[in-house]
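So the chains spell out like this:
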Amino acid sequence: MATLEKIRNKSVLLFIIIIVALLAFILGDFLTSGRTYFGHPTTVAEANGVTVEYQDYQNRISQTSEQMRNQGREVSNDVLSQNVVTGLLTEQLLNKEYADLGITVTDQELSDALVGDTPHPAAYQMIGYLAQQLQLPEASGRVVFDAMQNPAKYNLPTQVGAELRQIWANQEKELENTMKQQKFMSLISGLFTFNKLDAKNFYDDNATTRTIAYAVKDVAAVADNDIEFSDADVKALWESQKQNYELGEPMKEVNYIYVAIEPSQADRLAGQQAVENAIVALNQTPGTEGVASDTHFSVQNLKNTASAVKNTKLREFITTKEPGTAELINRQGDSYTIAKLQDVTTGIDSINISMLNAPASVNADSIATLINNGTSFGSLAETYAAQDSIWTPLENIGIDEKTKSALLNAAIGKAFVLNDTIQGNAVQNIFRVNRRHAPVKYYDYAVIDYTVDPSQETLTDLSTNLRTYVSNNSSAKDFTDNAGAAGYSVLSDQVGASSTGIGNARDSRRFVKWAMENNKGKVSPVMQDDRQSYLIALAVMDSYDDYMPWTSPAVANQLRNQALDSKKADKLLADYAGKANDLKGYATLFEARLDTGNVNITTPTLLNIGINESALQGAIAAADKGQFVGPVKGNHGIMVFEVEEVDQQNRPFVEADYGQRFIQTFGIGRRGTPLPLLLGKNKIDNRSLNFVQAVGE
C-alpha cells in the first residue's frame, strides 16, 4: 500500500510536469508560427468584418500569374501577393456593402449588357476579341452567344462551344461585379454635393490668374549658427503634422547591408579571355563547333534577309563579311555578343497566296476547278475556311518542305490541290500563288551570347566577408556604426506586414518576415535571395505601432530640414519686417532682383520659388490689384509682392458648371480605389507574412 501511495503522489507530480511541458510546447509554437493557435490559421487578412482566406488567396495569385504570363508581363511575386490581398479585401468589403444596401443586378440588366444593342463597355472588348479570333460575321454579343450555343453553324469545332461557355460565365461574373460597383459608386458619389460658396471658390481659384511683381529672400542667407535650433524644434513640427505619420499597421525600422552578387575583376578578365578564345575557335571550325563544348555560350541559329535584321551592327556584319567569319559585335557590361556568318544563299522572300481548307468528304479537285474558272476564294469563305490574297514569308515560319516546294514551283494564278496527312488525319488544302517577290539574298548566321557570371570563389568570398562582419557586429548599433570602416554601406527602410519587400531588394518578403518577428537590437544572419543575385543582412533598429515617430531617421531627416528652414525664415521675417515701404525698397534690402510672373492658386509650383507654398499662394490670392503685401513667410524664405493685374480670362461664373467641377475634383469618385472609403477608420490586419517561408526553412 505504501508503494502504491508513492506512485499516486509521484503520478500527480508527473501529470503536472507533462501539462507544463505541453503548455510550453503550445506557447512556443504559437510564438514562432503566429498562426497555429488562437485565431483562424487560414485567414490571410481581415478588415472591417470581412476576411481573405488562404485558398482564395492562392487561387487568385495563380490566376493572376497565369494571365500576366499570357500577356508577356512579369511582376514580383511579393508585389503580386499584396495586390491580391488588397483586391480580395476590396471585393469582400464591396459585397458586404451591396448586401447591406440591397444593390443587385437583375438577369435582364446582365443580358442587356452582354447581348443588347449597346454592350456594356466592360464586355465590349471581350466580345470584339472573340468575334475577331473566331472570324465571326459580326462583332456583337448576340453572335458570340449564338456561336457558343451552335458552334457548327459557324464552322467551329464542338469543343469551342464549351470553351466559350467557360469564358462567357467568367465574363458574366466579372460584369455583374462591375455593374454593382458602378451602382454603389453612383450612390455614394451622390452624397457629395456642392453649395454656392463651393462653386464660387472653385471659380475664383481656377479662373483667376494674378500677375505679380515680387522679390524673395532665401533662407540660405542665414547660417545655422545664427539661430537656436534643437531636437525640440523637430519634435514640435512633428506634433503639428502628426496625422501625416499615422500608421496603418505596426512597422519595424531596419538598417540593412545589401551586397550584389556580381563578378569580381578576376572573373571579368577570365570571361573576356573566354570570349576571345571562342572567337578564334569559331573562325577555325565549321558552324558553331568552336563553342559547342562550353555551356556558358548561348547559340541561336538564324536565317534572314538583310531587311529583316533590325540590329544595325548585326546587319552590317552579315552583309559585309565572308562566310565563316566570327566577330564580337557588341559588349554591354558583363554581356558579350558574337556573330558568325555561316552561309549566303538566294531565295523567295515572300509570296502572295490564296488558300482554302476542304473537308475530306469534299472533292477538292472540283473546288480547284471552280476557282480556276473564276470563282473567288472570298465567295467560298462562307462555306469553307478560306483566306484570299495574303502575303507570307517562306523562311523561318515553320512551313514544311513539301508545302514550301509546292508554292515555289506552282504556276502563278492557277489553283492546285495539295494533299497531306497531319497526325494521321488526311487534309486537303487548295492554294493559288498570286504573286512572288523577286529572289533575294538569305543570310545564314549564328548569334552567340556570353555573360560573365560570378565564380564560386567570388560568391564564397562575398558570403564569408559579410558573415564575418555580422558575427563581429552582433548588435544593431555596432552593425550600423562599423559598416563604413568595413567597406559596407548601410541602407534603411520601414517595413510592415503589407510591405512588398525591403528597399529595392527583389523577392525579399521573407526577409520582411524575419524583421517583423524579431525585436529591436536584433541582427539577422546573412541571407540570400532565391535568384542568387544578392546577399543581405538586417538589423532591427526600432518598432512602431500607431505613428511613425519623429525619431525615425526617415522622418527626422525630412522634418529637420523643414524645421531648420522655418526657424531661419522666422529670423528673416524679424530682421526685415517694416524696414521698407514698397517693393523696390525691400528688393534693395534683400539684395534681390525684382521678378514678375503669373500665379494661379491651384498650381502646385509657385513661380521659381518651389512647391506647396500654400501660405504664399494664399496671400497672393487674397490680395487686390495694386496692393503691396509682405514680407510673407514661406517654406524656404520670405517674399514681398505687388499684384499688377487680376485676369479672370473672360470666363463667366456659372454656378452649376463650377459646382460639378468642384465635385469632380474633390468628390469621392476621384479616388482610384474605393478601399479607403470602405475601411473608414478601420485598419487592415494583414497576416500574409504567416504564409511566407521563414528564413532558414
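Keep in mind that this is a model prediction, so the values were computed, not measured.

**Some points on helix α3 (residues 77-101)**
Look at α3: 36 Å from first C-alpha to last across 25 residues, which is about the 36 Å you get at 1.5 Å a residue. By the burial criterion, the buried members of α3 are D78, L80, S81, Q82, V84, V85, L88, L89, T90, L93, L94 and Y98. Near the N-terminus of α3, the side chain that reaches the backbone nitrogen of D78, with its oxygen 3.1 Å away, is that of S76. Residue G102 follows α3 closely and has a positive phi angle near 75 degrees.

**Regarding the packing of aromatic side chains**
A complete count under the given rule lists 16 aromatic pairs for this structure. Ring geometry for Y54 versus Y57: centroids 6.2 Å apart, planes at 45 degrees, classification tilted. Linking Y54 with Y57, this pair stays in helix α2 (residues 54-70), spanning 3 residues, or about one helical turn. The exposure class of Y54 is partly exposed, given its relative accessible area of 30%. Site record: aromatic cluster; members linked through ring pairs are Y576, Y586, F590 and F628. Geometry around F653 places K200 over its ring, the cationic atom sitting 6.0 Å from the centre. K303 extends its terminal NZ or CZ atom over the ring of Y442, reaching a point 5.9 Å from the ring centre.

**Quick look at the environment of Y445**
With respect to the helices, strands and loops of the structure, Y445 is situated in strand β12 (residues 439-451). Look at Y445 and you get buried, because its relative accessible area is 2%. In this structure the C-alpha to C-alpha distance between Y445 and W238, which are 207 residues apart in sequence, comes to 65 Å. Sequence-distant contacts of Y445, defined by excluding residues within four places in its chain, comprise Q300, N301, L302, N304, V309, L314, I318, K340, L341 and Q342. Here N304 takes part through its side chain, which lies 3.1 Å from a polar atom of the side chain of Y445.

**Notes on helix α8 (residues 196-207)**
Along its 12 residues, α8 runs 16 Å from first to last C-alpha, staying within 8% of the 16 Å computed at 1.5 Å per residue. Where α8 is concerned, the buried positions are A199, F202, Y203, N206 and A207. End-on, the buried residues of α8 take up no more than an arc of 105 degrees, which puts them together on one face. Next to the buried residues of α8 lie β3 (209-218), β20 (637-647) and α21 (655-666).

**Some thoughts on unusual backbone geometry**
Glycine aside, a negative phi is what most residues show, and trans is what most peptide bonds show. The omega angle of the peptide bond from G630 to P631 is 0 degrees, so this bond is cis rather than trans. Note that P631 resides in strand β19 (residues 628-633). Its identity as a non-glycine residue notwithstanding, N48 has a phi of 50 degrees, on the positive side. Of note, N48 is situated in the loop between β1 (43-47) and β2 (50-53). Non-glycine residue Q532 carries a positive phi angle of around 55 degrees. Locating Q532 in the fold gives a position in the loop between β14 (527-528) and β15 (534-544).

**Some points on the sheet that holds strand β21 (residues 685-686)**
Think of a sheet as strands paired side by side through backbone hydrogen bonds, with each pair either parallel or antiparallel. Spatially, the 3 strands line up as an open sheet ordered β2-β1-β21, and their pairing is antiparallel. Sheet topology places β2 and β21 at the edges, where each strand pairs with a single neighbour. Summarising the sheet, β1 and β2 pair through 4 bridges and their orientation is antiparallel. What sits directly across from A47, in β2, is V50. On the sheet, α2 packs against β1 and β2 and is oriented at approximately 60 degrees with respect to β2.

**Thoughts on the confidence of the model for the chain**
For the chain, the average pLDDT comes to 87, and 92% of its residues sit at 70 or higher. Low pLDDT, under 50, characterises residues 1-39; the predicted model gives this stretch 12 contacts beyond four residues in sequence or across chains.

**A closer look at the pattern of salt bridges**
Tallying each qualifying case throughout the model produces 24 salt bridges. The shortest N-O distance in the salt bridge between R142 and D117 comes to 3.1 Å. Taken as a pair, R142 in helix α6 (residues 141-149) and D117 in the loop between α4 (107-115) and α5 (121-133) lie far apart in primary sequence, 25 residues in all. With a relative accessible area of 71%, D117 lands in the exposed category. Its salt-bridge partner being K404, residue E401 comes within 3.4 Å of it at the nearest N-O pair. Pair noted here: E401 and K404 are both in helix α14 (residues 401-409), with a separation of 3 residues, about one helical turn. Here E401 falls in the exposed class, since its relative accessible area comes to 56%. On the accessibility criterion, K404 (12% relative accessible area) is buried. Bridged by salt links that share partners, the residues E46, D685 and R687 form one connected network.

**Regarding the packing of α8 against α21**
A pair of packed helices is characterised by two quantities: the angle between their axes and the separation of those axes. Where α8 contacts α21, the two axes come as close as 8 Å, and the packing angle between them is 85 degrees. Taken as axis vectors, α8 and α21 run roughly perpendicular relative to one another. Of the residues in α21, those in contact with K196, D198, A199, F202, Y203 and A207 of α8 are E655, Y658, G659, R661, F662, T665 and F666. When the residues that make up the contact of α8 with α21 are grouped by side-chain class, the tally is 7 nonpolar, 2 polar and 4 charged.

**Some details on the environment of V433**
Relative to the elements of secondary structure, V433 occurs in strand β11 (residues 425-436). Separated by 39 residues in the primary sequence, V433 and N472 place their C-alpha atoms 78 Å from one another. With sequence-adjacent residues up to four places away left out, V433 is seen in contact with I351, N352, I353, L407, A410, A411, I412 and G413.

Cut-offs and rules
Residues numbered from 1 in each chain as written. Predicted model: local features only at pLDDT ≥ 70, side-chain atom pairs only at ≥ 80, totals over all residues. Heavy atoms only, no water. Helix = DSSP H or I, 4+ residues; strand = E, 2+ residues; numbered from the N terminus. Expected span 1.5 Å × (residues − 1). Buried < 20%, exposed > 50% of the residue type's maximum accessible area, 1.4 Å probe, protein only. Polar contact = N/O pair within 3.5 Å; in protein donor to acceptor, adjacent residues only side chain to side chain. Phe/Tyr/Trp six-rings, centres within 6.5 Å; stacked < 30°, edge-to-face > 60°. Lys NZ or Arg CZ within 6 Å of the ring centre and 35° of its normal. Contact = heavy atoms within 4.5 Å. Arc of directions from axis to C-beta. Pairing = 2+ DSSP bridges. Axes fitted to C-alpha atoms, helices over the stretch in contact; angles between N-to-C directions. pLDDT = per-residue confidence, 0-100. Salt bridge = Lys/Arg side-chain N within 4 Å of Asp/Glu carboxyl O. Parallel < 35°, antiparallel > 145°, perpendicular 65-115°, else oblique. Nonpolar A, V, L, I, M, F, W, Y, C, P; charged D, E, K, R; others polar.

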